[in-house]
Amino acid sequence: MNAYFKSIWDGIQSTRKGMALTWKHAWAARNQRSIQNVQDPDYFNQKAGIVTLQYPQQQIPTPVNGRYQLHNEMDDCIVCDKCVKVCPVDCIEIDPIKATGLVGTASDGSPIRLYAAKFDIDMSKCCFCGLCTTVCPTECLTMTSEYDFSVFDVKEHNFEFANLTPEQAAEKRVLYEQFVAEKEAAKEAAKMAAPMQAAPQPAAPMQAAPAQTETEQTNTDEVPAKPKPAFKPAFKPSFKPKPKPDAE
């Protein structure tokens, strides 16, 4: 019997403590907490006031080094493809098109020689590691402070940053193919012209020596031919003869 009433008393006491804590926070909720940055050292020291903000009218300031939505500044992008290679979840997809010349320069002076027919970032796959922003040579790929990009359709998480329309991309491809074809034709023409330039020219016919006049023939006959010097061997004995002894 005592255990029965003791259980009832314990239930009443636990309910009283719980309701006392609830009424305490409800009474303190008359005052609203001030909006502070999460990096503020006093951010977690606020004990009283309304905890939930009136979102989206009120938002907590995000940290400067936070990792949120990706953004690409296409004017500075050189389409180097490094972000695609380093991404561990393959959320970035690029379709580069080679240009026939220099397209432009980035803000840091880097030359741009490629078009981006497709530069898509699927934020539904992104793991917010920040590796793509680290390897970007022109720092055109950054993470913004926009953290709320909730949508009803997951396909809307695919952000497009291409600098060409499909029609312009097809035109640029055709121009580059024509440029390559003309370049190959020029090479073939140079190869065909090289053997023709290297071919030997026909030798000119030898002209007959002019006939000598009678005076020249007479002078030639009068000059006697010089005899060739006789050959003398240049032999030197390798030893000297011994001197003969004097006769006594």
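Residues numbered from 1 in each chain as written. Predicted model: local features only at pLDDT ≥ 70, side-chain atom pairs only at ≥ 80, totals over all residues. Heavy atoms only, no water.

A short note on the overall build of the protein chain
Inference 1: In terms of helices and strands, the protein chain carries five helices and seven strands.
Inference 2: Starting at the N terminus and walking to the C terminus, you meet the elements of the protein chain as α-β-α-β-β-β-β-α-β-β-α-α. (Helix = DSSP H or I, 4+ residues; strand = E, 2+ residues; numbered from the N terminus.)

Comments concerning the sheet that holds strand 7 (residues 158-160)
Inference 1: Strands sit in the order 2-5-7 across an open sheet of three strands; the sheet is antiparallel. What marks the edges here is a single partner per strand, and that holds for strand 2 (92-98) and strand 7. Between one strand axis and the next, the sheet turns by 15° as a mean value, whatever way the strands run.
Inference 2: As paired elements, strand 2 and strand 5 (residues 114-122) share seven bridges and run antiparallel to each other. When the sheet's bridge partners are listed, Glu93 is paired in strand 5 with Asp120. (Pairing = 2+ DSSP bridges. Axes fitted to C-alpha atoms, helices over the stretch in contact; angles between N-to-C directions.)

Description of empty space enclosed by the protein
Inference 1: Inspection of every chain in the model, using the stated rule, returns two cavities of 30 Å³ or more.
Inference 2: Size it by volume and the largest cavity reaches roughly 90 Å³.
Inference 3: Taken together, 16 residues line the largest cavity, and the ones lying closest to its centre are Cys77, Cys80, Cys83, Cys136 and Cys140.
Inference 4: Residue assignment for the lining of the largest cavity shows that the elements contributing at least two residues are helix 2 (82-86) and helix 3 (131-135).
Inference 5: Looking at the lining of the largest cavity residue by residue, the class counts come to 13 nonpolar, one polar and two charged.
Inference 6: Its volume calculated, the second largest cavity comes out at about 50 Å³.
Inference 7: Along its surface, the second largest cavity is lined by 13 residues, and Cys87, Pro88, Cys91, Cys129 and Cys132 are the ones closest to its centre.
Inference 8: Among the residues forming the lining of the second largest cavity, the class breakdown is 12 nonpolar, one polar and no charged. (1 Å grid on protein atoms, 1.4 Å probe; cavity = no way out; pocket = protein on both sides within 12 Å on 5 of 7 lines; lining within 4 Å. Points joined across faces, edges and corners; volume = space filled by probe spheres on them. Nonpolar A, V, L, I, M, F, W, Y, C, P; charged D, E, K, R; others polar.)

Things to note about the nonpolar core
Inference 1: Core analysis: the largest hydrophobic core is formed by 22 residues, its most contacted members being Leu70, Cys83, Ile92, Phe119, Ile121, Met123 and Leu141.
Inference 2: Elements with a contribution of two residues or more to this core: strand 2, strand 5 and strand 6 (141-143).
Inference 3: The element best represented in this core is strand 5, accounting for three residues.
Inference 4: In this structure, Met123 is in contact with Tyr68, Gln69, Leu70, Phe128, Phe149, His157 and Phe159, ignoring residues within four places of it in sequence.
Inference 5: The next biggest cluster of nonpolar side chains, apart from the first, holds six residues, and it includes Ala99, Tyr115, Leu164 and Ala169. (Core = buried A, V, L, I, M, F, W, Y, C linked by side-chain atoms within 4.5 Å. Buried < 20%, exposed > 50% of the residue type's maximum accessible area, 1.4 Å probe, protein only. Contact = heavy atoms within 4.5 Å.)

Side note on the state of the cysteines
Inference 1: One pass over the full model with this rule turns up zero disulfides.
Inference 2: Here Cys126 stays free of any disulfide, with the sulfur of Cys91 as its closest cysteine sulfur at 4.7 Å.
Inference 3: Cys140 forms no disulfide, and the closest cysteine sulfur to it belongs to Cys136, at a distance of 3.6 Å.
Inference 4: Note on Cys140: relative accessible area 5%, which makes it buried. (Disulfide = S-S within 2.5 Å.)

Some details on the pattern of salt bridges
Inference 1: Evaluated as defined, the whole model comprises three salt bridges.
Inference 2: For the salt bridge of Lys118 with Glu93, the shortest nitrogen-to-oxygen distance reads 3.1 Å. Of this pair, Lys118 sits in strand 5 while Glu93 is found in strand 2, placing the two residues 25 residues apart along the sequence.
Inference 3: Judged by its relative accessible area of 28%, Lys118 falls in the partly exposed class.
Inference 4: Glu93 gets classed as partly exposed once you look at its relative accessible area, which sits at 44%. (Salt bridge = Lys/Arg side-chain N within 4 Å of Asp/Glu carboxyl O.)

Remarks on unusual backbone geometry
Inference 1: The phi angle at Asp90 is positive, at roughly 55°, despite the residue not being glycine.
Inference 2: With respect to the helices and strands, Asp90 occurs in the loop between helix 2 and strand 2.

Some points on a nonpolar patch on the surface
Inference 1: Judged by side-chain polarity, Met1, Tyr4, Phe5, Ile8, Trp9 and Ile12 come together as a nonpolar surface patch covering roughly 740 Å² of accessible area.
Inference 2: We classify Ile12 as partly exposed; its relative accessible area is 47%. (Patch = residues over 30% accessible without salt bridge, like charges linked within 9 Å, V, L, I, M, F, W, Y side chains within 5 Å. Areas by Shrake-Rupley, 256 points an atom, 1.4 Å probe, with all protein chains shown as cover.)

Observations concerning the pairing of strand 5
Inference 1: The buried count for strand 5 comes to seven of nine residues, which makes it a mostly enclosed element.
Inference 2: Inspection of the sheet shows strand 5 paired to strand 7 by three bridges, in the antiparallel sense. Considered in strand 7, the bridge of Asp120 is made with Glu160.

Focus: the packing of aromatic side chains
Inference 1: Enumeration over the complete set of coordinates arrives at four aromatic pairs.
Inference 2: Between Tyr4 and Phe5, the aromatic rings sit 5.4 Å apart at their centres with planes inclined by 75°, giving edge-to-face as the arrangement.
Inference 3: Residue classification places Tyr4 among the exposed residues on the basis of a relative accessible area of 54%.
Inference 4: According to the relative accessible area criterion, Phe5 is partly exposed, its value standing at 48%.
Inference 5: Between Tyr176 and Phe179 the ring centres are 6.4 Å apart and the planes differ by 35°, which places this aromatic pair in the tilted class. Of this pair, Tyr176 and Phe179 both sit in helix 4 (residues 166-198), separated by three residues, roughly a single helical turn.
Inference 6: Overall, Tyr176 belongs to the partly exposed group, its relative accessible area being 24%. (Phe/Tyr/Trp six-rings, centres within 6.5 Å; stacked < 30°, edge-to-face > 60°.)

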